[in-house]
Amino acid sequence: MSAVRRVSVFGATGSIGENTVDLIARAPEAYNVVALTGGRNVARLAEQAKVLNADLAVTAFEECYADLAAHLEGSGIEVAAGQAAIADAADRPTDWAMSAIVGAAGLVPGLRTLRHGGILALANKESLVTAGPYLLAEAKRHGATILPVDSEHSAVFQALVGEDSAAVERVIITASGGAFRDWPLERLSEATLAEACSHPNWDMGQRITIDSASLFNKAMELIETKEFFGFTSDQIETVIHPESLIHALVGFRDGALMAHLGPHDMRHAIGYALHWPERGHVPVDRLDLAAIGSLNFRTADPERYPALTLARYVMETGGLSGAAFNAAKEAALDAFIGGKIGFLDMARLVETVLERLAGDNSLKCDKLTLDRVLDMDHVARKIAQTIVDGDRLRQSG
Ligand code: NAD
Ligand code: MG
């Protein structure tokens, strides 16, 4: 790949974003950086924009505009603020864009970049979970390519290169088991925020780290696997693998199981998407198998990890259930971070929201549209909020 490529990074100041910026900064002559976006960390965003000589820097928050503008004064870099400005930045043509905003806020910018073809490197898992069929249809309509960046999905994607997906029997997504994998079940209800914020293997953003402890992250990944690759719920398995060195395995009808191994460094999956369809040099540690010695696996106990059962429900229900699941999960996470509910209440809350919506027949939808997805996001968050605020207690009391 010799021509200079136009690239944008949405969520540049986050964990995935920083790793993406790191790779781009190692070969500045290869890239023309169009837009970088971030949140409140405007000093860091401005620094990245200067290092990469970006055309435009956007903060998600209008109140941060003046601060960002002050940091970039005299640099010649354009400055903008707000969600609409992020979506406008996505309208600027690129050959490659990274979608690494956290949460449902990442959906619209990703969709807008698809409109000008090119490659969308997708880390934002909420996009596939909430609007998978719509996102894929939009990519097809505009001749754009979506490449998975979540390490498990990059692993499956790589294991499938040159294979006929009709010959796939099963896909196994590995899970570290998160911060509490060795805790006794009865202690889980008392898990604190600080305890949920430490991950045994990976250094990631706060929200995904807590989702890893509850296995909501893995639940999202099972749904992503179904949406992106088109496998059925029955074909998608998960197994606890404490070392997190095998990211996923693909099993074929001749009994072969292709495993993808890699270090705990998201720059591998990001670099694969950046250099695809070639394999470029990526500066991650090389695994020393003899030093690792052994790899372990154990069953993912549904009693310990109710989020996995909810993921099965979503995979089998389809329609708007992914949008409802994600919104309820985000609201549950906010409530846990805010100290309003306990660790195990998160799964109970998501389950209750799904039950209520299923009871109203609201999860059914033959054809997803952006409006329907955003409406469901709003409705499910509201129900979750009402339950957190005590509605359920009042009703049952
Ligand atoms: P993070 O919290 O570290 O960073 C999130 C980024 O989004 C930051 O730049 C932040 O400023 C921006 N942001 C936050 N709220 C925003 C909003 N409302 N509007 C616009 N921008 C906003 O998150 P992360 O760990 O880098 O994860 C990003 C996405 O990638 C998530 O969807 C996550 O599930 C997925 N992912 C992350 C990893 C990982 O290793 N961190 C691995 C696989 C997938
Ligand atoms: Mg992952």
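Bear in mind that the values here come from a model prediction, so they are computed numbers and not experimental data. (Residues numbered from 1 in each chain as written. Chains lettered and ligands numbered in written order. Predicted model: local features only at pLDDT ≥ 70, side-chain atom pairs only at ≥ 80, totals over all residues.)

Notes on the domain arrangement of the protein chain
Spelled out, the test is: In this entry, domain limits derive from an automatic or database-based domain assignment. Residues are defined as contacting one another if the C-beta atoms placed from their backbone atoms lie within 7 Å. The helix count covers DSSP runs of H or I at least four residues long, the strand count covers runs of E at least two residues long, and both are numbered beginning at the N terminus.
In terms of domain boundaries, the protein chain breaks down into domain 1 (5–148), domain 2 (151–263 + 286–308) and domain 3 (318–397). On a C-alpha basis, the centroid separation for the pair domain 2 and domain 3 is 24 Å. The partner domain 3 presents 10 residues to the 13 residues of domain 2 that form the contact. Sorting the residues of the side of domain 2 that touches domain 3 by element identifies helix H8 (193–196), helix H9 (206–214), helix H10 (216–229) and helix H13 (306–317) as the ones contributing at least two each.

Thoughts on the UniProt feature "domain: 1-deoxy-D-xylulose 5-phosphate reductoisomerase C-terminal" (unreviewed entry) in the protein chain
The test is simple: UniProt positions are given in the numbering used here, feature names are shortened, and annotations may be inferred rather than shown by experiment.
Look at the UniProt record and you will see "domain: 1-deoxy-D-xylulose 5-phosphate reductoisomerase C-terminal" (unreviewed entry) annotated at residues 146–229. Summarising residues 146–229: 43% helix, 13% strand, and an end-to-end C-alpha distance of 11 Å.

Overview of helix H16 (residues 370–388)
Residues lying three or four places apart along an α-helix face the same way, a consequence of the helix completing one turn every 3.6 residues. Heads up, the condition is: Here, expected helix span is obtained from the residue count minus one, scaled by 1.5 Å. Burial is judged by counting the other C-beta atoms within 10 Å of a residue's own C-beta: 20 or more makes it buried, 12 or fewer makes it exposed, and any count in between marks it as partly exposed, with every C-beta position built from the backbone. When we speak of the arc, we mean the arc of directions from the helix axis to the C-beta atoms.
The end-to-end C-alpha distance of H16, which contains 19 residues, comes to 27 Å, matching closely the 27 Å that a straight helix rising 1.5 Å per residue would cover. Regarding H16, the residues found buried are Val373, Met376, Asp377, Ala380, Ile383, Ala384 and Ile387. In an axial view of H16, the angular spread of the buried residues amounts to 140°, which keeps them on one side of the axis. Gly390 sits one or two residues past H16 and shows a positive phi near 110°.

Some words on the site of ligand 1
This is how it is decided: Any residue whose C-beta atom, as placed from the backbone, lies within 6 Å of a molecule or strand is termed near it. The residue classification treats Ala, Val, Leu, Ile, Met, Phe, Trp, Tyr, Cys and Pro as nonpolar and Asp, Glu, Lys and Arg as charged. All others, Gly included, are polar.
Among the 27 residues in the neighbourhood of ligand 1, the closest are listed as Gly11, Gly14, Gly39, Ala60 and Gly205. Of all the secondary structure elements, the ones that give two or more residues to the shell around ligand 1 are helix H1 (15–25), helix H6 (125–142) and H9. The element that contributes the greatest number of residues to the shell around ligand 1 is H1, accounting for three residues. Taken together, the residues of the shell around ligand 1 sort by class into 13 nonpolar, 10 polar and four charged. Per-domain counts for the shell around ligand 1 show at least three residues from each of domain 1 (5–148) and domain 2 (151–263 + 286–308).

Here we look at the UniProt feature "domain: 1-deoxy-D-xylulose 5-phosphate reductoisomerase N-terminal" (unreviewed entry) in the protein chain
Under the UniProt annotation, "domain: 1-deoxy-D-xylulose 5-phosphate reductoisomerase N-terminal" (unreviewed entry) lies at residues 7–132. Segment residues 7–132 splits into 43% helix and 22% strand. End C-alpha atoms: 23 Å apart.

Quick notes on the sheet that holds strand S4 (residues 78–81)
Sheet strands line up and pair through hydrogen bonds in the backbone, either parallel or antiparallel. Applied cut-off: Only strands joined by at least two bridges in the DSSP assignment are considered to pair. Each axis is a line fitted through C-alpha atoms, taken for helices only over the stretch in contact, and angles between the N-to-C directions span 0 to 180 degrees.
Pairing is parallel across the open sheet formed by seven strands, whose spatial order is S4-S3-S2-S1-S5-S6-S7. Two strands bound the open sheet, and with one partner strand each, they are S4 and strand S7 (145–148). Pairs of neighbouring strands in the sheet enclose a mean axial angle of 15°, with direction left out of account. Pairing between strand S1 (residues 5–10) and strand S2 (residues 31–38): four bridges, direction parallel. Looking across to S2, one finds that Val9 is bridged to Leu36.

Observations regarding the pairing of S7
The criterion, for reference: A clockwise path from the first strand over the helix to the second, with the strands pointing away from the viewer, defines a right-handed crossover.
Relative to S7, strand S6 (residues 119–122) runs parallel, the two sharing four bridges. In the sheet register, Leu122 faces S7, and the bridge partner there is Pro148. Crossover connection from S6 via H6 to parallel S7: handedness right-handed.

Notes on the sheet that holds strand S9 (residues 236–240)
Taken in spatial order, the five strands make up an open sheet running S11-S10-S8-S9-S12, and their pairing is mixed. Whereas interior strands pair on both sides, the edge strands pair on one side only; in this sheet they are strand S11 (257–261) and strand S12 (298–299). As judged from the five bridges shared by strand S8 (residues 168–175) and strand S10 (residues 246–252), these two strands associate in the antiparallel manner. Directly across from Val171, in S10, lies its bridge partner Val250. Against the sheet, helix H7 (residues 151–159) makes contact with S8, S10 and S11, and its axis sits at roughly 35° relative to S10, the strand it touches most.

What about the nonpolar core?
Most often, soluble globular proteins keep nonpolar side chains buried together rather than apart. For clarity, the cut-off: A set of buried residues drawn from Ala, Val, Leu, Ile, Met, Phe, Trp, Tyr and Cys, joined through C-beta atoms within 7 Å, is what defines a nonpolar core.
Residues Ala57, Ala121, Ala324, Ala328 and Ala332 are the most contacted members of the largest nonpolar core, which totals 118 residues. Of all the elements, helix H14 (residues 321–337) adds the most residues to this core, at 10 residues. Not counting chain neighbours up to four residues away, the residues in contact with Ala324 comprise Val353, Leu354, Leu357, Leu363, Met376 and Ala380.

Comments concerning unusual backbone geometry
That bond from Trp276 to Pro277 is cis: its omega, 10°, falls within 30 degrees of zero. When you line up the elements, Pro277 lands in the loop between helix H11 (267–275) and helix H12 (289–292). One non-glycine residue, Ser244, lies in the positive phi region at around 50°. Mapped onto the elements, Ser244 comes out in the loop between S9 and S10. Here Asn361, not a glycine, exhibits a phi torsion of approximately 65°, which is positive. Structurally, the position occupied by Asn361 is in the loop between helix H15 (345–359) and H16.

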